[in-house]
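# Overview (structure and organization)
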2 protein chains.
Amino acid sequence: MTQQPRNGRAPSVKDVAAAAGVSLGTVSNVLNRPAVVSSTTRERVERAMADLGFVRNESARQLRAGTSRALAYVMLDGGNPFFHDVAEGIETAAEDADLSLFVCNSSGRSEREAKHLDRLLQQRVQGILITPVDPDAAHLADIAQRGVPFVMVDRFSRAGGHCSVAVDDVLGGRIAVEHLIDRGHRRVAFVGGPESIGQVRERLQGARAVWAEFGMPEEDLIHLPTEALTVNEGRSAGERLAGLPSRRRPTAAFCANDLLALGLLQHAVTAGLRVPDDLAIVGFDDIDFAAAAAVPLTSVRQPRQELGRTAARLVLDEATNPAHVHEQATFVPALVARASTGTVRR
Amino acid sequence: MTQQPRNGRAPSVKDVAAAAGVSLGTVSNVLNRPAVVSSTTRERVERAMADLGFVRNESARQLRAGTSRALAYVMLDGGNPFFHDVAEGIETAAEDADLSLFVCNSSGRSEREAKHLDRLLQQRVQGILITPVDPDAAHLADIAQRGVPFVMVDRFSRAGGHCSVAVDDVLGGRIAVEHLIDRGHRRVAFVGGPESIGQVRERLQGARAVWAEFGMPEEDLIHLPTEALTVNEGRSAGERLAGLPSRRRPTAAFCANDLLALGLLQHAVTAGLRVPDDLAIVGFDDIDFAAAAAVPLTSVRQPRQELGRTAARLVLDEATNPAHVHEQATFVPALVARASTGTVRR
DNA sequence: CATGACGCTTGAAACATTTCAATCCCACCC
DNA sequence: GGGTGGGATTGAAATGTTTCAAGCGTCATG
């Protein structure tokens, strides 16, 4: 690339046209419909582009086209690898469609989420994927009403009016607790909160349902509430658990996500408990760090990448297919049994 | 917001102007210089904007302005929380400057990196922050030559010609190994590779330097090479370590990053080794999961968020200050001692 | 009553691209 | 030699915003 000395602004199609001695319409044809241009002209234009170091101006394209060539994913918690894997699935699909992906992070803060959405609206992104702080927030309804393609990831809203993608959390709760019952546990803790989070509610609901079905006394499924789904909260739940009188103390814990489970595991090991013999632990999400823990964690796997890919597929369908109908894609979670629930309790 | 029925395209300043009975120049003034507009007109225009659900078209602004209101960070490995924290630091700074941030992930693949850079160039981002696959790659020099503000994060290139931000990795290596010597270890493994990665080379170099300074025999600092800086590779290094004849077997390991350390820790625990009594472990980066491990990991902390903030500051300076001079910001790493090196060995 | 000043508003130009109808030119046929 | 068809190229229009010089009207001052 024989680059011209830069004299301020970047070269435009007009400059390329002048350098190649053709009209700017022809340059545009080379870019967008190379077949209609004669090969000699095409080569001349291509050489000029290389010489000048021409790069298409995306904003001008966008302005003309009326929409950008980008999708966006607003994730709930950048510190949780789960969302990262979802984002990776989305990115794969975006790349296949030759679209860019904006990855934003609301960090669980509603006002940051709103700010991101506002920016994305200004960018005229083709579609928005979001794991929202609150699925029923007004600014979400606003987006949908504007007609911007919009998919909710890993959450549902009562309202509807858009696609969503998630796993069956009630089933996930059932699977986890059934596994523990199966392993011989008769007193189990559910660690997780706040209940304002749909996931927490549903996983607990599934846990209670299967507990009842097996005819276990209600009071032997103990709910240890947390203020967030973090490692720290998992640790503190561990302390509360250790503080229970021994005949009330559970022999196993089902945590609403893997971060909690890792925190709980850490507390248990520090306190000298053997996992799984003194305390068995099941997490949720099956993030890579669950398998990497000192005692590999049993976890309820969500198909993280596929969640992302499907969400991207749906938003693209909404963006391009006039006959699009909203869809609620539900995936089936699966138990991945590892050492943290490894032994059968007599 | 009393929204009009949508009839196709989004409302523009022109529509707002018509609705408010003013010229489009006035609408623009309300948006950009509200002080020069009389309050009655301003209110009328604001009402019209709200009624119509007007949203500024960012691509038109960009086209006019010649540059976008965005920065970009191309990270090396989205699966490593370290880069996530760096990104968070960048985002903070971007938000303060009222800029958007594109977060891209090259996943360690050079061609993906090149593709991302190409797209970002088309977007006319104000500046690019990158942790590159190869600091000396041609496409990086190309960016710098184009005059796009550009900062290298956590890497250096021989070439120079741009800002960079990193910690002193040689010093980091020294600190880690000195700590182990201090704890009484006389046979230590360095786990990490490939040596094509600058970080690995320098951390090893620091380790060797301090080892020699303490007068320890060279052959007692054993290099266990890995193919990547991942949990899996850490585990497999653990196997090789366990396979060493016992009088050659190290009592401590310094891992080139925390992912390796977590993998090694897992292997050790699974194999029934006590950490730190049978094997002490030091990691590098101090990601959150290091503190959250079953045996909390001693690690060499990098100021991750500050790395990001500083990088963003530099790129913004380059973008806005004509007197900008390139700067190589170096941070000092610090040891965070935790249980994984908790005891003194006699 | 004329002049100037001041506050507010206006309208045109510019940004880089894409599209499309119009034009050009050439070869070929009658 | 005139006409026709068609491939290649052209130039103008349109996209939505910002800026800025110019215009307008009102008010105060001389």
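A short tour of the structure in this document, coming up. Since the model is a prediction, treat every value here as computed from it, not as a measurement.

Moving on to the overall build of chain A. For chain A, the helix and strand inventory stands at 13 helices and 12 strands. Taken over C-alpha atoms, the radius of gyration comes to 26 Å for chain A, far larger than the 20 Å a tight globule of 346 residues would show. Its C-alpha atoms give chain A principal-axis dimensions of about 90 × 40 × 35 Å. A burial count over chain A gives 55% of its 346 residues as buried. Accessible surface, chain A: about 14,500 Å² in total, of which carbon and sulfur atoms supply 50%. Distance from the positive charge centre (39 side chains) to the negative charge centre (42 side chains) of chain A: 4 Å.

Turning next to the protein's contact with DNA strand D. Around DNA strand D there are 24 residues in total, and Ser23, Thr26 and Thr41 of chain A together with Val13 and Arg64 of chain B lie nearest to it. In DNA strand D, atoms within 4 Å of the protein come 72% from sugar and phosphate. Between DNA strand D and the protein, one listed contact pairs a phosphate oxygen with a backbone N or O atom of Ser38 of chain A at 3.2 Å. At a separation of 2.4 Å, a phosphate oxygen of DNA strand D approaches a polar side-chain atom of Thr41 of chain A.

So, on to the relation of the copies chain B and chain A. Relative to chain A, chain B is turned by 180 degrees and slid 0.1 Å along the rotation axis, the superposed coordinates differing by an RMSD of 0.2 Å. What the rotation and shift describe, once combined, is the action of a two-fold rotation axis. The C-alpha atom lying nearest the rotation axis in chain B is that of Ser59 of chain B; the distance is 2.3 Å. Most of the interface of chain B is mirrored in chain A, where 100% of its interface residues are also at the interface.

It is worth spelling out helix α9 (residues 198-213) of chain A at this point. All names here are of chain A. In this model α9 runs 22 Å from its N-terminal to its C-terminal C-alpha over 16 residues, within 8% of the 22 Å that 1.5 Å per residue would give. Turning to α9, its buried residues are Gly198, Gln199, Val200, Arg203, Leu204, Gly206, Ala207, Val210 and Trp211. Contact partners of the buried residues in α9: α8 (169-182), β6 (188-191), β7 (221-224), β8 (252-255) and β9 (280-285). At the exit of α9 stands Gly215, carrying a positive phi of roughly 70 degrees.

Each side of the interface is counted separately: chain B has 55 residues, and chain A has 56 residues. When chain B packs against chain A, the two sides together hide about 4,700 Å² of surface, and 49% of this comes from carbon and sulfur. Close ionic contact of Arg119 of chain A with Asp98 of chain B constitutes a salt bridge, the shortest N to O distance being 3.9 Å. Taken together, the elements giving at least two residues each to the side of chain B that touches chain A come down to α4 (58-65), α5 (81-96), β2 (100-105), α6 (110-122), α7 (138-146), α10 (231-243), α11 (258-270) and α12 (288-291) of chain B. Split into classes, the residues belonging to the side of chain B that touches chain A amount to 23 nonpolar, 17 polar and 15 charged.

A cis geometry characterises the amide bond from Gly193 of chain B onward to Pro194 of chain B, with omega recorded as -5 degrees. If you check the backbone angles, Asp154 of chain A has positive phi at about 65 degrees while not being a glycine. The backbone of Ser107 of chain B shows a phi angle near 50 degrees, a positive value even though the residue is not glycine. Structurally, the position occupied by Ser107 of chain B is in the loop between β2 and α6.

Moving on to the packing of aromatic side chains. Residues and elements named next belong to chain B. Using the criterion set out here, one finds 8 aromatic pairs over all chains in the structure. Ring centres 5.5 Å apart and planes at 70 degrees place the aromatic pair Phe190 and Phe254 in the edge-to-face group. Of this pair, Phe190 sits in strand β6 (residues 188-191) while Phe254 sits in strand β8 (residues 252-255), and the two are 64 residues apart along the sequence. Residues Phe190 and Phe254 agree in their burial class; the two are buried. Where Phe254 meets Phe284, the ring centres are 6.3 Å apart and the plane angle is 40 degrees; that geometry is what we call tilted. Residue Phe254 is located in strand β8, and its partner Phe284 is located in strand β9 (residues 280-285); the two are separated by 30 residues in the primary sequence.

The next subject is the environment of Ala261 of chain A. Residues and elements named next belong to chain A. As for its position among the elements, Ala261 is in helix α11 (residues 258-270). Ala261 sits in the buried class, given a relative accessible area of 0%. Sequence separation of Ala261 and Glu318 is 57 residues, and the distance between their C-alpha atoms is 37 Å. Residues within four places of Ala261 in sequence aside, it is in contact with Cys255, Ile281, Val282, Gly283 and Leu297.

What follows is about helix α8 (residues 169-182) of chain B. Residue and element names in this part refer to chain B. Taking 1.5 Å per residue, 14 residues should reach 20 Å; α8 reaches 20 Å between its end C-alpha atoms and fits that length. The complete set of buried residues in α8 reads Asp169, Gly172, Gly173, Ala176, Val177, His179, Leu180 and Ile181. Among the residues of α8, the N-terminal cap falls to Asp168, whose side-chain oxygen and the backbone nitrogen of Val170 are separated by 3.2 Å. Of the residues trailing α8, Gly184 is marked for its positive phi of about 95 degrees.

Close to DNA strand C lie 25 residues, the nearest being Val13 and Arg64 of chain A together with Ser23, Thr26 and Thr41 of chain B. Counting only atoms of DNA strand C within 4 Å of the protein, the fraction found in sugar and phosphate groups is 69%. Measuring from a phosphate oxygen of DNA strand C, one finds a side-chain N or O atom of Asn32 of chain A at 3.3 Å. Taking Arg61 of chain A, its side chain carries an N or O atom lying 3.0 Å from a phosphate oxygen of DNA strand C. The set of elements that each furnish at least two residues to the surface near DNA strand C consists of α2 (24-32) and α4 (58-65) of chain A together with α2 (24-32) and α4 of chain B. The leading source of residues in the surface near DNA strand C is α2 of chain B, at 4 residues. Its residues assigned to classes, the surface near DNA strand C comprises 9 nonpolar, 10 polar and 6 charged.

Attention now goes to the sheet that holds strand β12 (residues 334-336) of chain B. Residue and element names in this part refer to chain B. Taken together, 6 strands build an open sheet; the order of strands is β7-β6-β8-β9-β10-β12 and the sheet is mixed. Only two strands of the sheet have a single neighbouring strand rather than two, namely β7 (221-224) and β12. When the angles between neighbouring strand axes are averaged without regard to direction, this sheet yields 20 degrees. Here β8 pairs with β9 via 3 bridges, running parallel. Along β9, the bridge assignment pairs Phe254 with Val282.

Parameters and conventions
- Residues numbered from 1 in each chain as written.
- Chains lettered and ligands numbered in written order.
- Predicted model: local features only at pLDDT ≥ 70, side-chain atom pairs only at ≥ 80, totals over all residues.
- Heavy atoms only, no water.
- Helix = DSSP H or I, 4+ residues; strand = E, 2+ residues; numbered from the N terminus.
- Rg over C-alpha atoms; globule rule 2.2 N^0.38 Å.
- Buried < 20%, exposed > 50% of the residue type's maximum accessible area, 1.4 Å probe, protein only.
- Areas by Shrake-Rupley, 256 points an atom, 1.4 Å probe, with all protein chains shown as cover.
- Lys, Arg positive; Asp, Glu negative; His and termini not counted.
- Charge placed at Lys NZ, Arg CZ, Asp CG, Glu CD.
- Near = heavy atom within 4 Å.
- Polar contact = N/O pair within 3.5 Å; in protein donor to acceptor, adjacent residues only side chain to side chain.
- Least-squares fit on C-alpha atoms with pLDDT ≥ 70 in both.
- Contact = heavy atoms within 4.5 Å.
- Expected span 1.5 Å × (residues − 1).
- Buried area = accessible area lost by both parts, 1.4 Å probe.
- Salt bridge = Lys/Arg side-chain N within 4 Å of Asp/Glu carboxyl O.
- Nonpolar A, V, L, I, M, F, W, Y, C, P; charged D, E, K, R; others polar.
- Phe/Tyr/Trp six-rings, centres within 6.5 Å; stacked < 30°, edge-to-face > 60°.
- Pairing = 2+ DSSP bridges.
- Axes fitted to C-alpha atoms, helices over the stretch in contact; angles between N-to-C directions.

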